[in-house]
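A look at the structure
Take a look at the letters that make up each chain.
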Amino acid sequence: MNLDDVVITRAIVESFSKKFLEYSELDVAIAGAGPAGLCAAYCLARQKVKVAVFERKLSIGGGMWGGGMMFNELVVGQEGKGILDEIEVSYRTYQEGYYTADAVECISTLCSKATKAGVKVFNLISVEDVMLEGEKVCGLVLNWSAVEMASLHVDPLTIRAKYLVEATGHPAELIKIIVKKIGPKLLTPTGDIVGEKPMWADMGEKEVVENTKEAFPNVYVTGMAANAVFGAHRMGPIFGGMLLSGKRAASEILKKLKTQE
Ligand code: 48F
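Residues numbered from 1 in each chain as written. Predicted model: local features only at pLDDT ≥ 70, side-chain atom pairs only at ≥ 80, totals over all residues. Heavy atoms only, no water.

Moving on to the overall build of the protein chain. From N to C terminus, the protein chain includes nine helices and 13 strands. A globule of 261 residues ought to have a C-alpha radius of gyration of about 18 Å, and the protein chain, at 18 Å, matches this closely. Along the first, second and third principal axes, the C-alpha set of the protein chain runs to 55 × 55 × 40 Å. When contacts within the protein chain are restricted to residue pairs at least 6 apart in sequence, those whose partners lie at least 24 apart make up 65%. Approximately 13200 Å² of the protein chain is accessible, and the part contributed by carbon and sulfur atoms is 58%. Once the 29 positive and 32 negative side-chain charges of the protein chain are each reduced to a mean point, those two points are 3 Å apart. (Helix = DSSP H or I, 4+ residues; strand = E, 2+ residues; numbered from the N terminus. Rg over C-alpha atoms; globule rule 2.2 N^0.38 Å. Contact = heavy atoms within 4.5 Å. Areas by Shrake-Rupley, 256 points an atom, 1.4 Å probe, with all protein chains shown as cover. Lys, Arg positive; Asp, Glu negative; His and termini not counted. Charge placed at Lys NZ, Arg CZ, Asp CG, Glu CD.)

Rendered as structure tokens:
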């Protein structure tokens, strides 16, 4: 059978459009496909929650591919080890309480588990704003990253979600947008973004899980964004906290979704 180039084109455009339209109304929309966002998405999709992740870059996985300073091995601590078991990533004991995993195996497995569980990942799409209905933040405003990169004057499109997850990492871009557009009305002690503190792995790993919570009504923060928003330490190339934070974001949202049923 001869292949028709235009049929290939139609197949791509029609399937993408169908997928995007299907995911334009969601239970949960996640900004950023780093380890925290992907892990949150995976834990939600396992419970049959309709969830999509929007990622600016071509590649998903955020800062996990590069391990520490491009040495592509990760470290997880005692608590993080359990979640590697859960997503079936192999690891080696370096010494008691320190475990190493291959960065590429870890992120590719997480991507595979998440997408097979039903997460839809839309890469090359940047979150540029939030949608409001009355006082309520209820969606993400999206544009092609290429439009953003070329600074073209092209209007965005919008998707609706019951809950949003801020998983954009250190810059906490989604929460920054909320503060800029709505004012310093966050559920933080100051109402504003408190700001990330210097490196302290031991503290940062614990704080990132504690700080995984609602930072604005219907908007949950996870991963490094949680520590940036609530004012806690960075932890560098130790990744257990990112995965545990993603899992916690999912369980907090699941509780809320259950109370709405
Ligand atoms: O930065 P990233 O990996 O965040 P994370 O999941 O994990 C942090 C660790 O990688 C590391 C660390 C561990 O100790 O400190 O830094 O918290 O992933 C964030 C993703 O969000 C994307 C960005 O490209 C990256 O892949 N992103 C950022 N802003 C936007 C965005 C945006 N406005 N729209 C869409 N995606």
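That was the structure; now back to the text.
For the rest of this paragraph, the subject is the pairing of strand S3 (residues 73-76). Burial along S3 is one-sided: the face carrying Leu74 and Val76 is buried and the face carrying Glu73 and Val75 is not. Two elements, S3 and strand S5 (residues 98-102), share four bridges in a ladder whose sense is antiparallel. Paired with leucine 74 across the strands is alanine 101, a residue of S5. (Buried < 20%, exposed > 50% of the residue type's maximum accessible area, 1.4 Å probe, protein only. Pairing = 2+ DSSP bridges.)

This model, assessed by the stated rule, comprises eight aromatic pairs. A ring pair is formed by phenylalanine 54 and phenylalanine 122, whose centres lie 5.4 Å apart and whose planes are at 10 degrees; its orientation type is stacked. Of this pair, phenylalanine 54 sits in strand S2 (residues 51-55) while phenylalanine 122 is found in strand S6 (residues 120-123), placing the two residues 68 residues apart along the sequence. Each member of the pair, phenylalanine 54 as well as phenylalanine 122, carries the same accessibility label: buried. Members of the aromatic cluster, connected to one another through ring pairs, are Phe16, Phe20, Tyr23, Phe54, Phe122 and Trp144. The ring centre of tyrosine 99 lies 5.1 Å from the NZ or CZ of lysine 81, which sits over that ring. (Phe/Tyr/Trp six-rings, centres within 6.5 Å; stacked < 30°, edge-to-face > 60°. Lys NZ or Arg CZ within 6 Å of the ring centre and 35° of its normal.)

Turning to the nonpolar core, a few remarks are in order. Grouped together as the largest cluster of nonpolar side chains are 48 residues, with contacts concentrated most on Val28 and Ile30. With near-sequence residues (within four places) excluded, valine 28 lies in contact with Leu44, Val49, Lys50, Val51, Ala52, Ala161, Tyr163, Val165 and Ile253. (Core = buried A, V, L, I, M, F, W, Y, C linked by side-chain atoms within 4.5 Å.)

Moving on, we come to the sheet that holds S5. What the three strands build is an open sheet, ordered S3-S5-S4; its pairing is antiparallel. Each edge of the sheet is formed by a strand with only one pairing partner; in this case those strands are S3 and strand S4 (92-95). Between one strand axis and the next, the sheet turns by 35 degrees as a mean value, whatever way the strands run. As paired strands, S4 and S5 are joined by three bridges and run antiparallel to one another. (Axes fitted to C-alpha atoms, helices over the stretch in contact; angles between N-to-C directions.)

What follows covers the pattern of salt bridges. Throughout the structure, instances matching the rule amount to 14 salt bridges. For aspartate 129, the salt bridge is made with lysine 181, and the minimal N-O distance between the two is 2.6 Å. Linking aspartate 129 in strand S7 (residues 125-133) with lysine 181 in helix H6 (residues 173-182), this pair joins segments that are 52 residues apart in sequence. Overall, the relative accessible area of 16% leaves aspartate 129 in the buried class. Given the relative accessible area of 51%, lysine 181 is considered exposed. Between lysine 255 and glutamate 252 there is a salt bridge, with the nearest N and O atoms lying 3.1 Å from each other. With lysine 255 and glutamate 252 both in helix H9 (residues 240-260) and three residues apart, the pair spans about one turn of that helix. (Salt bridge = Lys/Arg side-chain N within 4 Å of Asp/Glu carboxyl O.)

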